[in-house]
Amino acid sequence: MTTTAPPRQVAPPRPARPASHPRSRRRGSGLAALLFLLPMFAVFGVFSWLPILQTAVMSLQQTNLVDTPEFVGLDNFVTVLNDPLLWTATRNTLWFAFLALLIGYPAPLVLAVLMNEVRRLRGLYSALAYLPVVVPPVVAVLLWKFFYDAGPHGLFNTVLGWFGVAPVAWLQDGGTAMVSLVVESTWAAMGGTVIIYLAALTRVPPELYEAAEIDGASVWHKVWHVTLPQLRGVLLITFILQIVGTAQVFLEPFLFTGGGPANKTTTILLLIYNYAFASSLGGDYGAATALSLMLAVVLALLSALYFRLTRSWSTS
Amino acid sequence: MKSSRISAVVLTTALAVTGCAGGEPEGSGGRLALTVAIDPGLEKGAVDAFNARVAEFEKAHPDVDVQPQEYKWDATTFTAQLAGGTLPAVFTAPFTDGRGLIERRQIADISGEVAKLPYAKGFNASVAKAGQAADGAMQAVPIAAYGQALHYNRTLFTQAGLDPDKPPATWAEVRSAAKQIAERTGQAGYAQMTAGNTGGWILATLDYAFGGRVEQLSGDSAKSTLNTDEMRAVLKSLQDMRWADNSMGANFLYDWATINQDFAAGRIGMYVSGGGNYGSLKAQNALKAEDYGITTVPLADKGTAGVLGGGSLAVVRAKSSAAVVSAGVKWIDFYYLSKLTAQDQAVADAKTTAESSQAVGSPELPVFDRALHDQRRQWIAQYVNVPVQQMKPYTDRMFAQPLVPEPTRSTQQVYALLDPVVQAVLTDRNADATALLAQAESQAQALLDRK
């Protein structure tokens, strides 16, 4: 243990090593640790790293996974970049991300702030808010398909009918299909974010609100000047996570519309899936993996940004 | 302590590694293992019947251990199963995939074994083509054939003041009947599949019925012919029903399963699908027999107008050993074809099927010749349990219509390109059908040129 550490060193001092047989003990525990790590390496290797490596290799090949693959260089990337559907899918994914920010991002925050104000039955409200997360996603989509039935007897259209509003085509109209998907996915995912915000809200010092009240601040002013600045870090993290999540949206367009009507809800992930699987004869695995790699690069950049931001917040 | 800990880790790792190991299943008692497809979700009676057939086969071939594996062709999962090598050794695929599977060598070449079958040269020529390689060798065996038909709901026809015994015989009559059904019952008069490649399938069917074709073959090259007068006429007809008459209901994202569901639920007056669809509607969608009607797809008054026909092929998985290929073809012969060619097998199959409350006697086209087809219908007559009288508008005329095989080149990909075309026409009042077809045609040509 040293007593001459430089003044700026913040790492805690290391515990003293045992005096007896340090070498053999270390070698023995190292071997055991390695053996214990082997299953982890095997699982990650087989199910994560190997497929990633294969994806990179396959993006440079033309293959039907039965014949010997043929090396085609960057042809798959060229094919994907020349596919007009790529730009449709990119536009749709950005549109989904924008709508999700517009509808899905503020919704859990508003709900959390409101629930935080409630003094009674807060646990019940938290449970109710979290309930949609518990519902299996496929079940939720099937349920919402009934809600979105475009006929006059669909659930939402029945409600609109009470107010004399004509039936809306929801999923059957290019103009409303994506909004409908975002509303459902917001409902399905909101519970988890609400819980995160509620936890963050408990850390806001009550004296800040008391001071604001003494200064005559309204509820809106308290939210704007106290709550939101105090949640700044959490809000930025959920923002980045939402961007990464929406870039990978697949389930909703796949199950609700299959990318329709007329490709109005075809997203990048759905396009990747279609490259590989829409044709029963084994589609273009090369194109699918090439686009997967391109998406991975974009998401890696976003993740790097995320880590950079979170690191600066944690040290600020 | 330490050694036992290390042993535990080694054992766990070994278990994990051996658990991941795959490969061909081994047959019991040193016999040859043969995995064969069985429909998923069958009732116990049907499973028992299947197992009885397996026992019968194993008795005749004691060196083979038949192992049933649940499988049903599905466009979205088939390719993954094919690539992953998880298909049974003997499985089925639609006609549209036959040529592609053969060209890509994704199935075993069983032509040598098939040629030895006594009826190898007796297949209906147009049906046989679906399973033949370019040199004419039969590498996939046709086991069932169908022609497209117009299915209609007799109850909705009656409610709308239409005569269910006189279904529409022209597309103009289809349109007026659809309008009448929509106005008087509030249900969709006519609906159409548009999703999961079925949009292209049905659009190609209507194109054929109007006298068009979606591709022209010339030697090894193929020309996409989507942007034609016939196809534009088809889309105009759909636009009229959708936007002028408002007779196509509110759902324009149907696939095969969902349109069957809504038809059986009485929400659709008419739709186009395979002529043998009654069995599925009954078994999977609880269709009421009294609601069901079927007639031929109306054909335009043009020499080239025809009915799109398709069917199923039995194939053997790629990279199978010679022994598995031999046993696989024996199974195809025994399970799929003997009930079409031998009286005792036909009767036994019909009896079992009827006893498990499945449909017997749905319309189908002959895999072999017409005489054998008619002969078989007589053999199984006592077990027929479908509403034969209600099917007469179709069965009386189905052989008179010219049958045209589905396109053979990049079929499913071209169908996939047509899905958004028909969706756009049905969901966008201002959709420019000609521009959509021109774009689809150029994309289809690019696909055809790549092959």
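Treat the numbers as computed from the prediction; the structure is a model and nothing was measured.

(A) Seen up close, the overall build of chain B. Within chain B one finds 18 helices and eleven strands. Referenced to the eigenvectors of the C-alpha coordinate spread, the extents of chain B come out at roughly 80 × 55 × 50 Å. Residues counted as buried form 49% of the 451 residues belonging to chain B. Within chain B, counting contacts between residues at least 6 apart in sequence, those at least 24 apart form 79% of the total.

(B) Structural view of the overall build of chain A. Assigned secondary structure in chain A consists of 14 helices and two strands. Residues classed as buried in chain A amount to 28% of the 316 residues present. Sequence separation of at least 24 residues holds for 63% of the intrachain contacts in chain A that already meet a minimum separation of 6.

(C) How the structure looks around helix α18 (residues 433-450) of chain B. All names here are of chain B. With 18 residues, α18 extends 26 Å from end C-alpha to end C-alpha; this agrees with the ideal 26 Å at 1.5 Å per step. If you check which residues of α18 are buried, you get Ala433, Leu436, Leu437, Ala440, Glu441 and Ala444. Angularly, the buried residues of α18 cover 130° about the axis, an arc narrow enough to put them on a single face. For α18, exposure combined with an orientation more than 90 degrees from the buried face picks out Ala435, Asp449 and Arg450. The secondary structure elements touched by the buried residues of α18 are β7 (221-224), α10 (229-244) and α17 (411-427).

(D) The nonpolar core, seen in detail. Residues and elements named next belong to chain B. Counting 111 residues, the largest nonpolar core has Tyr190, Met270 and Val425 as the members making the most contacts within it. Among the elements that take part in this core, α17 stands out by supplying ten residues, more than any other. Discounting chain neighbours no more than four positions away, the residues touching Tyr190 are Val174, Ala178, Met241, Ser247, Met248, Gly269, Met270 and Tyr271. By size, the runner-up hydrophobic cluster in this structure holds 49 residues, among which are Ile110, Ala144, Val329 and Leu340.

(E) A look at unusual backbone geometry. With an omega of -5°, the peptide bond running from A:Gly260 to A:Pro261 counts as cis. Along the chain, A:Pro261 falls in the loop between α12 (251-257) and α13 (268-278). If you check the backbone angles, A:Ala262 has positive phi at about 55° while not being a glycine. Counting through the fold element by element, A:Ala262 comes out in the loop between α12 and α13. Phi at B:Arg105 is positive, roughly 55°, even though this residue is not glycine. With respect to the helices and strands, the residue B:Arg105 is situated in the loop between α4 (95-103) and α5 (111-115).

(F) Structural context of the domain arrangement of chain B. All names here are of chain B. Split into domains, chain B comes out as domain 1 (28-145 + 310-355) and domain 2 (147-307 + 387-450). Using C-alpha coordinates to define each centre, domain 1 is positioned 30 Å away from domain 2. Each partner contributes residues to the interface: domain 1 has nine residues there, and domain 2 has eight residues. Every element with two or more residues in the side of domain 1 that touches domain 2 is listed here: α3 (75-84) and α4. With three residues, α4 is the single largest residue contributor to the side of domain 1 that touches domain 2. Within the side of domain 1 that touches domain 2, the residues separate by chemical class into three nonpolar, four polar and two charged.

(G) Just the confidence of the model for chain B, in detail. All names here are of chain B. In the predicted model, chain B carries a mean pLDDT of 89, and 93% of its residues have values of at least 70. Residue range residues 1-23 is modelled with pLDDT below 50. Its contacts to residues more than four positions away, or to other chains, number 17 contacts. In the model output, the complex is listed with pTM 0.82 alongside ipTM 0.78.

(H) Representation of the pairing of strand β3 (residues 90-94) of chain B in the model. Residue and element names in this part refer to chain B. By the criterion of burial, β3 is predominantly enclosed, with five of the five residues buried. Pairing geometry for β3 and strand β10 (residues 307-316), over five bridges, is antiparallel. The residue bridging Ala93 from the neighbouring strand is Leu313, located in β10.

(I) Structural context of the confidence of the model for chain A. Of the residues in chain A, 88% reach a pLDDT of 70 or more, and the chain-wide mean stands at 85. Across residues 1-20 of chain A, where pLDDT falls below 50, the model places three contacts with residues more than four positions away in sequence or in other chains.

(J) Looking closely at the environment of B:Asp220. Positionally, B:Asp220 belongs in the loop between β6 (215-218) and β7. Taking the C-alpha atoms as reference, B:Asp220 lies 10.0 Å from B:Asp449; in sequence the two are 229 residues apart.

(K) Inspection of the packing of helix α5 (residues 122-134) of chain A against helix α8 (residues 177-202) of chain A at higher detail. Residue and element names in this part refer to chain A. In contact at an axis separation of 6 Å, α5 and α8 are set at 140° when each is read in the N-to-C sense. Taken together, the axis directions place α5 and α8 in an arrangement best described as oblique. Read as a crossing pair, α5 and α8 show a hand that is left-handed. Taking contact as the criterion, the partners of Ser126, Ala129, Tyr130, Leu131, Pro132 and Val133 in α5 are, on α8, Trp187, Ala188, Met190, Gly191, Gly192, Val194, Ile195 and Leu198.

(L) Spotlight on the UniProt feature "transmembrane region" (unreviewed entry) in chain A. Residue and element names in this part refer to chain A. According to UniProt, the positions carrying the feature "transmembrane region" (unreviewed entry) are residues 31-52, 94-115, 127-148, 154-171, 178-200 and 287-307. Across residues 94-115, the secondary structure splits into 95% helix and 0% strand, with the terminal C-alpha atoms separated by 31 Å. As annotated, residues 178-200 comprises 100% helix and 0% strand, and the C-alpha atoms at either end are separated by 31 Å.

(M) Region of the structure containing the packing of helix α4 (residues 106-117) of chain A against α8(A). All names here are of chain A. Interhelical geometry of α4 versus α8 gives an angle of 50° and a closest axis separation of 8 Å. The orientation of α4 with respect to α8, classified from their angle, is oblique. Regarding α4 and α8, the two cross each other, and that crossing is right-handed. Mapping the contact onto sequence places Ala107, Pro108, Leu109, Leu111, Ala112, Met115 and Asn116 in α4 and Thr186, Met190, Thr193, Val194, Tyr197, Leu198 and Leu201 in α8.

(N) Structural view of the environment of A:Leu94. Structurally, A:Leu94 can be placed in helix α3 (residues 84-104). Counting along the chain gives 153 residues from A:Leu94 to A:Ala247, while the straight-line C-alpha distance between them is 7.6 Å.

(O) Structural detail: the environment of B:Asn251. Residue and element names in this part refer to chain B. On the secondary structure map, Asn251 appears in the loop between α10 and α11 (256-264). Judged by the 21 C-beta atoms lying within 10 Å of it, Asn251 is buried. As a C-alpha pair, Asn251 and Ala188 span 63 residues in sequence and 8.9 Å in three-dimensional space.

Reading the values: rules and limits
Throughout, residues of each chain are indexed from 1 in the direction in which the sequence is written. Just so you know, chain letters begin at A and ligand numbers begin at 1, following the order they were written in. Totals for whole chains, interfaces and linings use every residue, but because this is a predicted model, local features are given only for residues with pLDDT of at least 70 and side-chain atom pairs only at 80 or more, for both listing and counting. Labels follow the DSSP assignment, with helices taken as runs of H or I lasting at least four residues and strands as runs of E lasting at least two, numbered in each case from the N terminus. Partly exposed residues are those whose C-beta has more than 12 but fewer than 20 other C-beta atoms within 10 Å; 20 or more makes a residue buried and 12 or fewer makes it exposed, with C-beta atoms placed from the backbone. A pair of residues counts as a contact when their C-beta atoms, built from backbone coordinates, are within 7 Å of each other. By this rule the span expected of a helix is its residue count minus one, scaled by 1.5 Å. By arc we mean the arc of the directions from the helix axis to the C-beta atoms, nothing more. Put simply, a nonpolar core is a cluster of buried Ala, Val, Leu, Ile, Met, Phe, Trp, Tyr and Cys residues tied together by C-beta atoms within 7 Å. Just so you know, the domain bounds were taken from an automatic or database domain assignment. In this count, Pro and Cys sit with the nonpolar residues alongside Ala, Val, Leu, Ile, Met, Phe, Trp and Tyr, while Asp, Glu, Lys and Arg are called charged and the others, Gly among them, polar. Every residue carries a pLDDT, the predictor's confidence in it, which falls somewhere between 0 and 100. Strands qualify as paired when DSSP identifies two bridges or more between them. Whenever a helix is involved, its axis is fitted only over the stretch in contact; in every case the axis is a line through C-alpha atoms, and angles between N-to-C directions fall within 0 to 180 degrees. With respect to orientation, any angle under 35 degrees is reported as roughly parallel, any angle over 145 as roughly antiparallel, any angle of 65 to 115 as roughly perpendicular, and every other angle as oblique. Left-handed describes a crossing whose near helix is turned anticlockwise from the far helix through less than a right angle; right-handed describes the clockwise counterpart. UniProt positions are given in the numbering used here, feature names are shortened, and annotations may be inferred rather than shown by experiment.

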